[in-house]
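Below are the chains, spelled out letter by letter.
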Amino acid sequence: MEPVKKILRQIKPYGATLVAVTKHHTPEEILPLHEMGIRDFGENRVQELIVKKDSLPDDIRWHMIGHLQGKKVKKIAPFIHMIQSLDRVSLWEEIDKQAKRAHRVIPALLEVKVAREATKSGFNPDELIQLLHENTHQLYPNVNIRGVMGMASFTSDKDRIREEFTQLHRIFKQLQYTFFSDTQFDILSMGMSGDYPIALECGTNMVRIGSRLFP
Ligand SMILES: *Cc1c(COP(=O)(O)O)cnc(C)c1O
């Protein structure tokens, strides 16, 4: 568990939350993290998330971090702590609908695409700002938008990663003061195993780390 302790020590001065990304790992491998006091866990597939939720302690806060199909929202709506991968309006609408059916308000992050790679999902920043100017966020009262999630390009070019995280931070701040100044919009989720030290310098307050936890 040394790598985990090291990461916790590194993120502490920044006040960032660790979301332990547990995809591809078994409940037996995950349990020691829970025993160390970690309570925020992330998965990118609904089926895997549900299986693990059922075999791990109830006090875990489950974060959905991967591409989410509309038809699968209802399976996680009753319990999911946060949906970080809200990347399109149709999904926003579906989360709102299923949250209402489950008699709850579901916290979510707007996934914003800044990486130039074609494979990354998320709202284009300009389109998102346009949607918010049209008050899209007020159409879905059962979704509580808490902030922004994003990813940098998968590259060894540190300057480029820094540039993309800086851009995400700027968008987060802009949305915060333009559209969400009177709500609790305070989470910037960025930084993974390969780039979280840069993300910390660029203002993240939630890192999503997987492979680095399971050497
Ligand atoms: C897998 C995954 C992570 C964690 O990636 P690692 O490189 O294993 O730390 C973070 N965010 C998302 C959206 C992921 O799918």
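A brief report on the enclosed structure follows.

Cut-offs applied
Residues numbered from 1 in each chain as written. Predicted model: local features only at pLDDT ≥ 70, side-chain atom pairs only at ≥ 80, totals over all residues. Heavy atoms only, no water. Helix = DSSP H or I, 4+ residues; strand = E, 2+ residues; numbered from the N terminus. Rg over C-alpha atoms; globule rule 2.2 N^0.38 Å. Buried < 20%, exposed > 50% of the residue type's maximum accessible area, 1.4 Å probe, protein only. Contact = heavy atoms within 4.5 Å. Areas by Shrake-Rupley, 256 points an atom, 1.4 Å probe, with all protein chains shown as cover. Lys, Arg positive; Asp, Glu negative; His and termini not counted. Charge placed at Lys NZ, Arg CZ, Asp CG, Glu CD. Expected span 1.5 Å × (residues − 1). Arc of directions from axis to C-beta. Polar contact = N/O pair within 3.5 Å; in protein donor to acceptor, adjacent residues only side chain to side chain. Near = heavy atom within 4 Å. Nonpolar A, V, L, I, M, F, W, Y, C, P; charged D, E, K, R; others polar. Pairing = 2+ DSSP bridges. Right-handed = clockwise from strand over helix to strand, strands pointing away. Phe/Tyr/Trp six-rings, centres within 6.5 Å; stacked < 30°, edge-to-face > 60°. Lys NZ or Arg CZ within 6 Å of the ring centre and 35° of its normal. 1 Å grid on protein atoms, 1.4 Å probe; cavity = no way out; pocket = protein on both sides within 12 Å on 5 of 7 lines; lining within 4 Å. Points joined across faces, edges and corners; volume = space filled by probe spheres on them.

### So, the overall build of the protein
Phase 1: A tally of helices and strands in the protein yields eight helices and eight strands.
Phase 2: For a compact globule of 215 residues, the expected C-alpha radius of gyration is about 17 Å, and the protein comes in at 17 Å, within 12% of that figure.
Phase 3: Principal axes of the C-alpha set define a box for the protein whose edges measure 50 × 45 × 30 Å.
Phase 4: A burial count over the protein gives 50% of its 215 residues as buried.
Phase 5: Pairs at least 24 residues apart make up 58% of the contacts formed inside the protein by residues separated by at least 6 positions.
Phase 6: Roughly 10,600 Å² of accessible area belongs to the protein as shown, and the carbon and sulfur atoms make up 50% of that amount.
Phase 7: Charge-centre separation for the protein: the mean point of 30 positive side chains lies 2 Å from the mean point of 27 negative side chains.

### Here we look at helix 7 (residues 158–178)
Phase 1: Its 21 residues give helix 7 an end-to-end C-alpha distance of 30 Å, which sits within 8% of 30 Å, the value for a rise of 1.5 Å per residue.
Phase 2: Residues of helix 7 that are buried: Ile-161, Glu-164, Phe-165, Leu-168, Ile-171, Phe-172 and Leu-175. Buried positions in helix 7, seen along its axis, are confined to an arc of 115° and lie on one side of it. Counted as exposed and oriented over 90 degrees from the buried face of helix 7: Lys-158, Asp-159, Arg-170 and Tyr-177.
Phase 3: On its buried face, helix 7 sits against strand 5 (106–113), helix 6 (125–133), strand 6 (143–151), strand 7 (187–189) and helix 8 (196–201).
Phase 4: Of the residues that open helix 7, the one with a side-chain oxygen 3.1 Å from the backbone nitrogen of Asp-159 is Asp-157.

### Structural notes on the site of the ligand
Phase 1: Lining the immediate surroundings of the ligand are Val-21, Lys-23, Ile-65, Met-151, Met-192, Ser-193, Arg-208, Ile-209, Gly-210 and Ser-211.
Phase 2: Between the ligand and Ser-193, the relevant distance is 2.5 Å, taken from an oxygen atom to a side-chain nitrogen or oxygen of the residue.
Phase 3: Arg-208 places a polar side-chain atom, nitrogen or oxygen, 2.9 Å from a nitrogen atom of the ligand.
Phase 4: Starting from 380 Å² of accessible surface for the ligand in isolation, the protein chains cover 85%.
Phase 5: Of the residues assigned to the shell around the ligand, the class counts are five nonpolar, three polar and two charged.

### Examining the pairing of strand 3 (residues 61–64)
Phase 1: Pairing of strand 2 (residues 40–43) with strand 3, which is carried by four bridges, proceeds in the parallel orientation. Opposite Glu-43, over in strand 3, you have Met-64 as the bridge partner.
Phase 2: Note on the crossover from strand 2 through helix 3 (residues 46–55) to strand 3: the handedness is right-handed.
Phase 3: In the sheet, strand 3 pairs with strand 4 (residues 82–86) via two bridges, with the strands oriented parallel. Bridging across to strand 4, Met-64 finds its partner in Ile-83.

### With respect to the packing of aromatic side chains
Phase 1: Within the structure shown, the criterion is met by five aromatic pairs.
Phase 2: Measuring from centroid to centroid gives 5.7 Å for Trp-92 and Tyr-140, while their planes differ by 35°, and the two rings are tilted. Here Trp-92 is found in helix 5 (residues 89–101), whereas its partner Tyr-140 is found in the loop between helix 6 and strand 6, with 48 residues between them in sequence. Both residues of the pair, Trp-92 and Tyr-140, count as buried.
Phase 3: An aromatic cluster of three or more residues is present, and its members are Trp-92, Phe-123 and Tyr-140.
Phase 4: One Lys or Arg, Lys-53, reaches over the ring of Phe-79 and ends 4.5 Å from the middle of that ring.

### Examining the layout of surface pockets
Phase 1: The space that makes up the largest pocket amounts to roughly 690 Å³.
Phase 2: Lining the largest pocket are 30 residues; nearest its centre among them are Lys-23, Lys-120, Met-151, Met-192 and Arg-208.
Phase 3: In terms of residue class, the lining of the largest pocket is built from nine nonpolar, 15 polar and six charged.

### So, the side chain of His-137
Phase 1: You can see His-137 is positioned in the loop between helix 6 and strand 6.
Phase 2: The exposure class assigned to His-137 is buried, which follows from its relative accessible area of 13%.
Phase 3: For His-137, the contacting residues outside a window of four places in its chain are Trp-92, Leu-132, Phe-179 and Phe-180.

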